[in-house]
Amino acid sequence: MIDQPTASANDFPHKPVHPFLFTLLILPMGVSFGFITVTLGYQLAQAGVAVEKIAALVAIAVVPHIFKFLWAPLVDSTLTYKRWYRLASFASAFGILATGIIPLKESNLPHLTVVDFLLSLAVTFLCMATEGTMAYDVPPELKGRTGGFLQAGNLGGAGIGGGLGLILAQHLPAPWMSPAILALLCLSCSLALVYFKSLITTVKAEDMRTTYVNIGKDVWDTIKTKSG
């Protein structure tokens, strides 16, 4: 199995970041899901769209999160985690904004479905970049706390996307304003990256072939374990 970092906080070449920063990094995931399931769902219902069609829209948004393990190796083997996060942050923010630009009516459901699917797809890359950063930039004794802050950001983001998003949608004069505010909020989360160093993963090698061989070995050795 490819060796994973086992250094303690004292052995790190730089001071470990505060676990709270992972709350900020993962926040867009919760915001996007809360926005789709609650705010967008409410607005579509108010526009007269049938409940089963809204449910189908939500289900489509979940699909990328089920199969994201298929493209996870791209995040570990190509760009840095910081670059993947920034690209995914921009794409997800644009996706949230796009839902406010498209008129909310039943005839536009195909367009909304495509946008929501791509939004969720972008968020999977953001999640994997955050989780990869957690794996390589957090010493073992802080991983438990960091995991807690990560889940707090995910759940809190869902509350923001669903709760705050719904309140804004009900009180602001134009339908695009609520998603625009949420999009800016998600985009601003990338500012937390300034506190992180550039990371080198243990699977990445100088050539792509060796990198994917390392990934394959790592996955296979995990599968062979009892928990795997």
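Caption draft 1: Spatial organisation of the overall build of the protein chain. Counting its regular elements, the protein chain contains 8 helices and 0 strands. When its helices and strands are written in sequence order, the protein chain yields α-α-α-α-α-α-α-α. A total of 228 residues make up the protein chain; the buried ones form 45% of that total. Looking at the protein chain alone, contacts between residues at least 24 apart form 82% of all its contacts between residues at least 6 apart. Here the protein chain has roughly 11700 Å² of accessible surface; of this, 69% comes from carbon and sulfur atoms.

Caption draft 2: Here's a closer look at the state of the cysteines. The tally for this structure, following the rule as stated, stands at 0 disulfides. Cysteine Cys186 is unpaired, with the sulfur of Cys189 as its nearest cysteine sulfur at 6.0 Å. Accessibility expressed as a relative area gives 2% for Cys186, which makes it buried.

Caption draft 3: Representation of the packing of aromatic side chains. Applying the stated rule across the entire model yields 4 aromatic pairs. Between Phe22 and Phe196, the aromatic rings sit 5.3 Å apart at their centres with planes inclined by 80 degrees, giving edge-to-face as the arrangement. Note that Phe22 is positioned in helix α1 (residues 20-46) and Phe196 in the loop between α7 (177-188) and α8 (208-224), a separation of 174 residues in sequence. When sorted by exposure, Phe22 lands in the same class as Phe196, which is buried.

Caption draft 4: Inspection of the packing of α1 against helix α2 (residues 51-67) at higher detail. With their axes 9 Å apart at the nearest point, α1 and α2 run at an angle of 165 degrees to one another. As summarised for this structure, α1 and α2 are arranged roughly antiparallel, according to the angle between their axes. When the axes of α1 and α2 are compared, the crossing they make is right-handed. For the pair α1 and α2, contact is made by Met29, Phe33, Ile36, Thr37, Leu40, Gly41, Leu44 and Ala45 and by Ile54, Leu57, Val58, Ala61, Val62 and His65, respectively. Its residues placed into classes, the contact of α1 with α2 shows 11 nonpolar, 3 polar and no charged.

The rules we used
- Residues numbered from 1 in each chain as written.
- Predicted model: local features only at pLDDT ≥ 70, side-chain atom pairs only at ≥ 80, totals over all residues.
- Heavy atoms only, no water.
- Helix = DSSP H or I, 4+ residues; strand = E, 2+ residues; numbered from the N terminus.
- Buried < 20%, exposed > 50% of the residue type's maximum accessible area, 1.4 Å probe, protein only.
- Contact = heavy atoms within 4.5 Å.
- Areas by Shrake-Rupley, 256 points an atom, 1.4 Å probe, with all protein chains shown as cover.
- Disulfide = S-S within 2.5 Å.
- Phe/Tyr/Trp six-rings, centres within 6.5 Å; stacked < 30°, edge-to-face > 60°.
- Axes fitted to C-alpha atoms, helices over the stretch in contact; angles between N-to-C directions.
- Parallel < 35°, antiparallel > 145°, perpendicular 65-115°, else oblique.
- Left-handed = near helix turned anticlockwise from the far one by under 90°.
- Nonpolar A, V, L, I, M, F, W, Y, C, P; charged D, E, K, R; others polar.

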